[in-house]
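# Tertiary structure, described
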Amino acid sequence: MFGGGVALCAALIERANGPELSGLLLSFPVTIPATLMLIEEQTGRRQAAEDARGACLGGAGLASFGATVWALSPVTAPSLTLLAALAAWTVTCALLWRWRGPLT
């Protein structure tokens, strides 16, 4: 049910803003809710919450990767752009993981 609601929101965003933005949202309904539901059923709510937190950290890393590629690709060689984006992703995820604090 939740995944269907997210897919509907992605479709509405696509109508308002075009396919570029909504394409980013279409993988969400397939992966996150289904995975978290299975984790909760098998290992409990706390582990599902920790995995959801990890998904958020990974999403922030992906956003830093994408922003770096977007900013550097017009002015830098592709290999250097990807290397810088990998570094941005690594640093972002490492810092957020370190600062995330205990799950309450």
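Residues numbered from 1 in each chain as written. Predicted model: local features only at pLDDT ≥ 70, side-chain atom pairs only at ≥ 80, totals over all residues. Heavy atoms only, no water.

## Quick word on the overall build of the protein
- The secondary structure content of the protein amounts to five helices and zero strands.
- Reading the protein from its N end, one meets helices and strands in the order α-α-α-α-α.
- Residue pairs at least 24 apart in sequence account for 48% of intrachain contacts in the protein once pairs closer than 6 positions are excluded. (Helix = DSSP H or I, 4+ residues; strand = E, 2+ residues; numbered from the N terminus. Contact = heavy atoms within 4.5 Å.)

## Digging into the environment of Leu-72
- By the element assignment, Leu-72 lies in helix H4 (residues 45–72).
- Expressed as a C-alpha distance, the spacing of Leu-72 and Ala-84, which sit twelve residues apart in the sequence, is 8.5 Å.
- Look past the residues within four positions of Leu-72 in its chain and what remains in contact with it is Thr-81 and Ala-84.

## Describing the side chain of Thr-81
- Residue position: Thr-81 is located in helix H5 (residues 78–99).
- Polar contacts involving the side chain of Thr-81 include one to the main-chain carbonyl oxygen of Thr-76, which spans 3.5 Å. (Polar contact = N/O pair within 3.5 Å; in protein donor to acceptor, adjacent residues only side chain to side chain.)

## Observations regarding the pattern of salt bridges
- Evaluation of the coordinates by the stated rule reveals one salt bridge.
- Salt-bridge contacts for Glu-40 lead to Arg-45; the nearest nitrogen and oxygen are separated by 3.3 Å. (Salt bridge = Lys/Arg side-chain N within 4 Å of Asp/Glu carboxyl O.)

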